[in-house]
Amino acid sequence: MKFGGTSVGSVGSILSLKRIVEKEAKKQPVIVVVSALSGITDQLINTAQKALRGDETYKDDLEAMIDRHHQMIDTIITQPAQREALFTTVDMLFEQLRSIYFGVFLIHDLSIKTRNAIVSYGERLSSNIVATLINGAKRLNARDFIRTEWKNGKASLDSELTYRLVRETFLADGGSKIPRVSVVPGFISRDRDTLETTNLGRGGSDYTASILAAALDAEVLEIWTDVDGFMTADPRVINTAYTIDELSYVEAMELCNFGAKVVYPPTIYPVCVKNIPIKVKNTFNPEHPGTLIKDQIVNDKKPIKGISSIGETTLITVTGLSMVGVIGVNQRIFTALAANGISVFLVSQASSENSTSIGVKDSDAAAAVKVLNGEFAKEIETGAMFPMHAESGLATIAIVGENMKHTPGIAGKLFGTLGRSGSSVIACAQGASETNISFVVDGKLLRKSLNVLHDSFFLSEYKVLNLFICGVGTVGGKLIEQIRSQYEILKERNRLKLNVVGIASSHNAIFSRDGLDLDNYREQLKASAPSSADKLRRDVLNMNIFNSVFVDCTASKEVAALYQTFLEHNISVVAANKIAASSDYDSYLRLKQTALARGVIFRFETNVGAGLPIIGTINDLRNSGDRILKIEAVLSGTLNFIFNEIAADVPFSETVRRAKEQGYSEPDPRIDLSGTDVIRKLVILTREAGYKIEQEDVEKHLFVPDDYFTGSTDDFWRRLPELDADFEKRRQVLEGEKKRWRFVATMDGGKASVALKEVDSSHPFYNLEGSNNIVLLTTERYKEYPMQIQGYGAGASVTAAGVFANIMSIANI
């Protein structure tokens, strides 16, 4: 049982350690390996550096360490005799440490031998405290049986000698005298020849525990830390990351090597050879099952287990025509870097052999470039090779899972997913074992890339769609209300989270990466800072969030102008706003082409017919090979309401007033009466049917004289009754012929017109009630009997529902 620095770093955690160990010791003998108190190893090194510089404040740092250990002992060791004995041991160790620091301070020298001695005190101190705290525990000195040898400039484990000494220590007399609890300081060791204190490197306490487990054929190696186990991804970046129940040794090793700092990578090898399982558990949450690492995972169907990453990556490209077919270039690259202590964690080579890219830490980049330019100086001078090219500010991501080799298409899905999110892969590497695909992206896109991959490969419990909603009027307000009411249902039924991360009104905007509270967003908007279309654009782009959709519920030209930028940045767009799709044809086409090229979605179903599936049906017909020949439609709920209301006792001017009062018309009804809205809708349908058309190309046959559309709205309302007599006279004739008025939009072979038409009782438009819309589609397949789509064509609720349906269509892709 190995306990890390955070597990012994506070009173609460070390008392939890005591309970965990004593509970297990009732069942079987246990060996407890402990790290130094959290932060102490770094403090020991920093204090040594101060002493080396002649900085007398090293003494203050030493006293702070002494105080921390004293306070810990005072709090947790309650029996006076035990406490005094422990104080004597701890103070003796600190006096030794004080003398070493003073020597460094005097002679301004810090040799490897002295540094190793200094850092050993962290574990020597903590192990004495833990051994005193646990009832019946016995402390053993790791330096008596963990032995190292000097190899390649560092202390390396002498496995054969160490294993023999471990067995002699713990299994003497057949193991009959082994205590129920043995406490061993992790990390520290002793040189086999000089017997000087050495160590196993950073994370060495994990390694110590693994060595003991392997040497003694332990039942299990438990790594107790401050997390519940291996996570599917870094929870600081992906809040939907969760604990992985089981991993193979290979998967765990891959995740560790790429930034998952749960287990020190060398830990896995000794127990893997002996097929001893590793359990990663949480000292602060001991009841959690944690992660089990073992050889084979039964019934494991997930192709990918986890995603790990390394930030601050620099990619150095070694390139030159002289590299092609030349043996030994790569050997020179890696030998030169290794000789200078520079680690390479990713290699990507073109099959043409004319370039090799290597990934190093940003902090090593300058040194690596200098080393390689020196190594290939002659080749660079003759032009056979080019100077090293270094690109910094990158990040390396690895997706890990042994089942990838059994699942075709993983790499394709990976690159497709990244491409649709706007993340470009700069370099990639995959071994033949297919357990790890590693690739490099722009560091600014790391969070977005991790989230979209985590979501795409079903590592998240839910698929997440992040929504920016612009406009909180009648349609926008209803949409937010519908999303709020459906949120839990969609989570449970569809495993989908609709995360509203931004809401904007005409003057304000609020944002939250974790999602806004839809119960009180209006209050938050009122209290927020002023916004504008340009600021909205910057705020949305700066969020750089994955699986994002911009939803426009306004009628703003400025907001519609943002679509192109959003699509270019891989943000899908859903628009109730008709301006973009009915603007000049080139702009409309550019939006459609950008969405297609970037792999995102541009939907505007509610531009025509509110929630009716008109545009989607036209697209389905065309995509299946049909051709739209003719469209006849009543597309204005407002005008249909007016011509259904007009009667002997309800003059024309009164119907217009009623349409405004009941919310059918625009605040200025001239917009409806001028046919502008219908023309926009007809242009959109004509374009979606495959024809090039501008608004100016539509023939207009209006029923209100042009001079009524000039001047103020007050002038309009004052003059409108002047039309009543003529309308009533014509209405009476119409009634006698048993006909009705309908304002009809027509497209025939690409030519479009709008006009007030008279229809008889045999026509499908005759019985159109209220504010309903109707569309007749004549196609090559539906020529004799046109396809008919009819229903509510106006109203905030049905329009919001249509927008919601567009959002869901994106979620279901």
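First things first, this report covers the structure right here in the doc. (Residues numbered from 1 in each chain as written. Predicted model: local features only at pLDDT ≥ 70, side-chain atom pairs only at ≥ 80, totals over all residues. Heavy atoms only, no water.)

Glancing now at the sheet that holds strand β22 (residues 548–552). Pairing within the open sheet is mixed, and its six strands lie in the order β21-β20-β19-β22-β23-β24. Every interior strand has two partners, whereas the edge strands, β21 (509–511) and β24 (602–603), have only one. When strand β20 (residues 496–504) meets β21, the two strands line up antiparallel, connected through three bridges. Bridged to I503 within β21 is I510. (Pairing = 2+ DSSP bridges. Helix = DSSP H or I, 4+ residues; strand = E, 2+ residues; numbered from the N terminus.)

Topologically, R147 is positioned in strand β4 (residues 147–151). Buried charge without a partner: R147 forms no salt bridge, and the closest opposite charge is D144, 5.3 Å away. A polar contact of 3.2 Å, which involves the side chain of R147, links it to the backbone oxygen of R143. At 3.4 Å, the side chain of R147 forms a polar contact with the backbone oxygen of D144. (Buried < 20%, exposed > 50% of the residue type's maximum accessible area, 1.4 Å probe, protein only. Lys, Arg positive; Asp, Glu negative; His and termini not counted. Salt bridge = Lys/Arg side-chain N within 4 Å of Asp/Glu carboxyl O. Polar contact = N/O pair within 3.5 Å; in protein donor to acceptor, adjacent residues only side chain to side chain.)

So, about the environment of N508. Examined against the element boundaries, N508 turns out to sit in the loop between β20 and β21. Distance from N508 to I134, taken between C-alpha atoms, is 60 Å for residues 374 residues apart in sequence. In this structure, N508 is in contact with I503, L525, S528, A529, P530 and S531, ignoring residues within four places of it in sequence. (Contact = heavy atoms within 4.5 Å.)

Most often, soluble globular proteins have nonpolar side chains that are buried together. If you look at the biggest cluster of nonpolar residues, it comprises 101 residues, and the most contacted ones within it are L453, F550, I631, F652 and F703. The element best represented in this core is helix α26 (residues 676–688), accounting for six residues. Beyond its immediate sequence surroundings of up to four residues, F550 is in contact with F468, C470, L536, V559, Y563, F566, I571, S572, V573 and V574. Core analysis: the next-biggest nonpolar cluster, separate from the first, contains 47 residues, A209, I223, I268 and I310 among them. (Core = buried A, V, L, I, M, F, W, Y, C linked by side-chain atoms within 4.5 Å.)

A large share of helix α14 (residues 446–456) lies buried, amounting to ten of its eleven residues. In this structure, the buried side of α14 is in contact with β13 (306–319), β16 (389–400), α13 (410–420), β18 (436–442) and β19 (463–470).

Should the charged atoms of two oppositely charged side chains come close, the side chains can pair. Inspection of every chain in the model, using the stated rule, returns 42 salt bridges. Across the salt bridge formed by K27 and E24, the nearest N and O atoms sit 3.8 Å from each other. Judged by relative accessible area, which is 18%, E24 ranks as buried. R719 is paired through a salt bridge with E722; the nearest N and O atoms lie 3.7 Å apart. One network of salt bridges, in which partners are shared, links E149, K151, D158, R192 and D193.

All right, on to the packing of helix α23 (residues 637–645) against helix α24 (residues 652–661) then. Between two packed helices, what matters for the description is the angle formed by their axes and the separation of those axes. Running from N to C, α23 and α24 point in directions that differ by 135 degrees, and their axes come no closer than 9 Å. In terms of axis orientation, α23 runs oblique to α24. You can see that α23 and α24 cross each other, and the crossing is right-handed. For the pair α23 and α24, contact is made by T638, F641, I642, F643 and E645 and by F652, T655, V656, R658 and A659, respectively. Classifying every residue of the contact of α23 with α24 gives six nonpolar, two polar and two charged. (Axes fitted to C-alpha atoms, helices over the stretch in contact; angles between N-to-C directions. Parallel < 35°, antiparallel > 145°, perpendicular 65-115°, else oblique. Left-handed = near helix turned anticlockwise from the far one by under 90°. Nonpolar A, V, L, I, M, F, W, Y, C, P; charged D, E, K, R; others polar.)

The subject of this paragraph is the state of the cysteines. Going through the model one piece at a time under the given rule, you end up with zero disulfides. Here C272 is not disulfide-linked; the sulfur of C256 is the nearest cysteine sulfur, at 12 Å. (Disulfide = S-S within 2.5 Å.)

What follows is about helix α15 (residues 474–494). Note: α-helices contain 3.6 residues per turn, so residues at a spacing of three or four share the same orientation. Taken as a whole, α15 carries its principal kink of about 45 degrees at Q486. Along α15, the positions that sit buried rather than exposed are V475, G476, G477, L479, I480, Q482, I483, L490 and K491. Considering only its buried residues, α15 is in contact with β19, β20, α16 (521–527), β22 and α29 (796–811). (Bend = angle between axes of the 7 residues up to and from the residue.)

All right, on to the pairing of β20 then. Counting buried positions along β20 gives eight out of nine residues, so the element sits mostly inside the fold. The pairing of β19 with β20 spans eight bridges and is parallel. Bridge assignment links F468 to a residue of β20, and that residue is G502. Handedness of the β19-α15-β20 crossover: right-handed. Hairpin remark: β20 followed by β21, antiparallel, with four residues in the connecting loop. (Right-handed = clockwise from strand over helix to strand, strands pointing away.)

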